[in-house]
Amino acid sequence: VREFFEAERASIFEIDYENDVINNSYEDVKEGVEPEIDEMQRIPFELVSSWIEEFDKSGMFIIRDIKTELDKDSDIYQMLYKQNIFSMVAIPLRRDEVIIGFLGIDNPAKNTDDFSLISSMMYFLLDSIEKRETRNMLSRLSFEDKLTGLHNRNKFSQVMDDYESGECTAKSIGFAYYDLNGLKRLNDKFGHKAGDLLIQKVGSHLLTAFGTNAYRIGGDEFTVILPDVTEETFRQMTSTVKNIMTEQGISISMGVSWSGENYNIGKQMMEADKAMYADKKEHYIKN
């Protein structure tokens, strides 16, 4: 497409209606032209909302000269000018009559009145996007714990393998092991729905504190693998999360291991597991 129009860039932008932003998901650039894909992420939707309206009216949006057609004080002018875009064509991507994004062609020098190529390829472009979304969804399902939204044991095992093989590296690693106390008694007394709610609460706390670095690896077992963190910060973070849960009546045992660059993640897992069981033993002696 870029070559057909002898343009400097051709880009795919996808609309994230939930967060009111637009993201550049693919870009092809002419040799010698600076890529802009990294800069074109989370663009406020309001910047191009008028383009969406024009898509419905005309089927596309064309700017032949930003200097004469756009207000120089406007945010959209500043964004385009910063990228050395002085003319452009935008064609909408539709799915079930809903505009999900658009194809942008920057500084086209040829065939600006011939959009037959675009029309013929839109089906294939949308099909490619849908296939990518399906792959992403299947990948997410295979690595996500449905109950908590944390990564599951499959993802945990993959990350462990990546660190052990050296495919993934870090300056330091903090490893934490969390294990709920009394889950079986809770399930026996109040039913598994109550147990699931408790597990969800633990997952929510870990997700808030550690994001994608937290995993549910068993029924009542959770781990955290946090790279590039100081020992003091990691121990403070893990203890804070445990204290918050304790204050909310959630009884959980914890073990922590931290190591610098010469880490052995398998050894750290065993250290954290051992410390967690010592914490659990102390809990049951007291209770």
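See above for the structure.
These figures come from a predicted structure and were not determined experimentally.

Caption draft 1: Main features of the environment of A275. Examined against the element boundaries, A275 turns out to sit in helix α9 (residues 265-286). Look at A275 and you get partly exposed, because its relative accessible area is 29%. Separated by 18 residues in the primary sequence, A275 and S257 place their C-alpha atoms 8.5 Å from one another. In this structure A275 touches M254, G255 and V256, once residues within four positions along its chain are discounted.

Caption draft 2: Spotlight on the sheet that holds strand β6 (residues 98-106). Read from one edge to the other, the open sheet built from six strands follows the order β3-β2-β1-β6-β5-β4, with strand pairing classed as antiparallel. In the strand order of this sheet, the two ends are held by β3 (43-44) and β4 (61-63), each with one partner. In the sheet, β4 pairs with strand β5 (residues 88-95) via three bridges, with the strands oriented antiparallel. Considered in β5, the bridge of I62 is made with V89.

Caption draft 3: Fine view of unusual backbone geometry. Even without being glycine, E6 reaches a positive phi, approximately 50°. For E6, the position within the fold is in the segment before β1 (9-16). Judged by relative accessible area, which is 43%, E6 ranks as partly exposed. Positive phi values are uncommon outside glycine, yet D20 reaches one of about 55°. Along the chain, D20 turns up in the loop between β1 and β2 (21-29).

Caption draft 4: Main features of helix α8 (residues 231-247). The terminal C-alpha atoms of α8, which comprises 17 residues, lie 24 Å apart, in line with the 24 Å expected from a rise of 1.5 Å per residue. Those residues of α8 lying buried are F234, T238, V241, K242 and M245. All buried residues of α8 project into a common sector of 95° when viewed along the axis, lining one side. Summarising the geometry of α8, the exposed residues directed more than 90 degrees from the buried face are E232, Q236 and E247. Residues of α8 that are buried make contact with β7 (173-180), α7 (192-210), β9 (221-227), β10 (252-259) and α9.

Caption draft 5: Representation of empty space enclosed by the protein. Overall, the coordinates contain one cavity of 30 Å³ or more when judged by the stated rule. Each pocket or cavity is described by its volume, and for the largest cavity that value is around 160 Å³. Lining the largest cavity we find 19 residues, and of these F13, M40, M79, L80 and I85 sit closest to its centre. Among the secondary structure elements, those contributing two or more residues to the lining of the largest cavity are β1, β2, α3 (75-82) and β6.

Caption draft 6: The arrangement of the packing of helix α6 (residues 183-190) against α7 in detail. Axis separation between α6 and α7 bottoms out at 6 Å; the angle between their running directions is 140°. With respect to their mutual orientation, α6 and α7 come out oblique. Seen from α6, the contacting residues are L183, L186, N187 and F190; seen from α7, they are H192, A194, G195, L198 and I199. A breakdown of the residues in the contact of α6 with α7 according to their chemical character gives six nonpolar, three polar and no charged.

Thresholds applied
Residues numbered from 1 in each chain as written. Predicted model: local features only at pLDDT ≥ 70, side-chain atom pairs only at ≥ 80, totals over all residues. Heavy atoms only, no water. Helix = DSSP H or I, 4+ residues; strand = E, 2+ residues; numbered from the N terminus. Buried < 20%, exposed > 50% of the residue type's maximum accessible area, 1.4 Å probe, protein only. Contact = heavy atoms within 4.5 Å. Pairing = 2+ DSSP bridges. Expected span 1.5 Å × (residues − 1). Arc of directions from axis to C-beta. 1 Å grid on protein atoms, 1.4 Å probe; cavity = no way out; pocket = protein on both sides within 12 Å on 5 of 7 lines; lining within 4 Å. Points joined across faces, edges and corners; volume = space filled by probe spheres on them. Axes fitted to C-alpha atoms, helices over the stretch in contact; angles between N-to-C directions. Parallel < 35°, antiparallel > 145°, perpendicular 65-115°, else oblique. Nonpolar A, V, L, I, M, F, W, Y, C, P; charged D, E, K, R; others polar.

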